[in-house]
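Listed here are the chains, written in short residue letters.
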Amino acid sequence: MRVARISIRIFLILFIVIGVTSKAYSINYNFLIPMNYKFTGKDSTGKEFEADKTQGVMLHIGFTRWGIGLETYETKLKNTSEDINLKTNLYDITYGATGDEKLKGIWKYLGIGYGFGTDELVCSYCNENMFKGFAMQYILIFDYSVKKSFSIKASIHQKTSKIRHKYKTVKDDLSSTVINIGIGF
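Residues numbered from 1 in each chain as written. Predicted model: local features only at pLDDT ≥ 70, side-chain atom pairs only at ≥ 80, totals over all residues. Heavy atoms only, no water.

Caption draft 1: Spotlight on the overall build of the protein. Each helix and strand in the protein was counted, giving two helices and nine strands. Its helices and strands in sequence order give the protein the pattern α-β-β-β-β-β-α-β-β-β-β, from N to C terminus. Of all 185 residues assigned to the protein, the portion counted as buried reaches 43%. Contacts in the protein between residues far apart in sequence, at least 24 positions, make up 61% of those at least 6 positions apart. Of the roughly 10300 Å² of accessible surface on the protein, 61% is carried by carbon and sulfur atoms. (Helix = DSSP H or I, 4+ residues; strand = E, 2+ residues; numbered from the N terminus. Buried < 20%, exposed > 50% of the residue type's maximum accessible area, 1.4 Å probe, protein only. Contact = heavy atoms within 4.5 Å. Areas by Shrake-Rupley, 256 points an atom, 1.4 Å probe, with all protein chains shown as cover.)

Caption draft 2: Local environment of the nonpolar core. Residues Tyr37, Phe39, Leu77, Leu86, Leu121, Ile163 and Leu174 are the most contacted members of the largest nonpolar core, which totals 17 residues. Listing elements by their share of this core, those giving two or more residues are β1 (28-39), β3 (66-77) and β4 (85-96). With residues near it in sequence (within four places) discarded, leucine 77 still touches Phe39, Phe49, Glu50, Asp52, Ile84 and Leu121. (Core = buried A, V, L, I, M, F, W, Y, C linked by side-chain atoms within 4.5 Å.)

Caption draft 3: Up close: the pairing of β3. Relative to β3, strand β2 (residues 51-62) is paired through 11 bridges, and the arrangement is antiparallel. Note that in β3 the partner of glutamine 55 across the bridge is glutamate 74. The loop that links β2 with its antiparallel partner β3 comprises three residues. Where β3 lies against β4, 11 bridges are found, and the strand directions are antiparallel. For threonine 75, the partnering residue across the bridge sits in β4 and is leucine 86. (Pairing = 2+ DSSP bridges.)

Caption draft 4: Representation of the pattern of salt bridges in the model. Applying the stated rule across the entire model yields five salt bridges. Linking lysine 153 and aspartate 143 is a salt bridge whose minimum nitrogen-to-oxygen distance equals 2.6 Å. Pair noted here: lysine 153 is in strand β7 (residues 150-164) and aspartate 143 is in strand β6 (residues 133-147), with a separation of 10 residues, a long-range link. Just as lysine 153 is buried, aspartate 143 falls in that class too. Among the ionic pairs, lysine 162 bridges to aspartate 173, the shortest N-O distance being 4.0 Å. (Salt bridge = Lys/Arg side-chain N within 4 Å of Asp/Glu carboxyl O.)

Caption draft 5: Here's a closer look at unusual backbone geometry. Its identity is not glycine, yet asparagine 79 carries a phi of approximately 55°, on the positive side. The residue asparagine 79 is located in the loop between β3 and β4 in this model.

What follows is the structure in C-alpha cells.
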C-alpha cells in the first residue's frame, strides 16, 4: 500500500514538472478509468468470480512512440460471504497511440503494450491465507484525436493473475479482461 502511494505521488509530480515543457519534448499525458471488468478465471474449487464494481485510475505518459504507465485499482468481488476486494497495481510500457503528431500511419491511432505488477486479495482472512499474486497483461490501445492537443483514449487489457493459498497447493485464477476509457492531452 505504501509503495503504491509513493509511486502514484512520484508519477503525479512527474506529470506536473514535465507538463510545462510537454510540447518541446513531445510528451502527452493520459488518464483512463476502468469501465468494464470481467473475470475470465475461476477459484480453486471451479467457481467463477464476478466483479461488482471497480474503482481506480490508469496514468500514462506518452513520448513520440513509446509510453509508460501506472495502473492502480480495486475491484469488489460479488457473491462472497464477506467483503473481498482485489487490489491491482501494474506498471506498463506501450508502443504507439501516444497522440503525437509526429507519429504516422496506423501507430498514431493504435498501440500495443505489456504490463506487470501485483494482485492482492483484501479481506479479513486474506492476509493470513493468501499470498500476493504476480499479474501481467497485454494491452491494446485506441487513440482518437479530437483536437491537436486533446484526444479520447480506450484500451483493452487482457490480464493474467494467479494467487496461491498459503496452506494449500492450489491457486485462484483471477485473470480478467479490463476495458478503460479516458482522455489524453
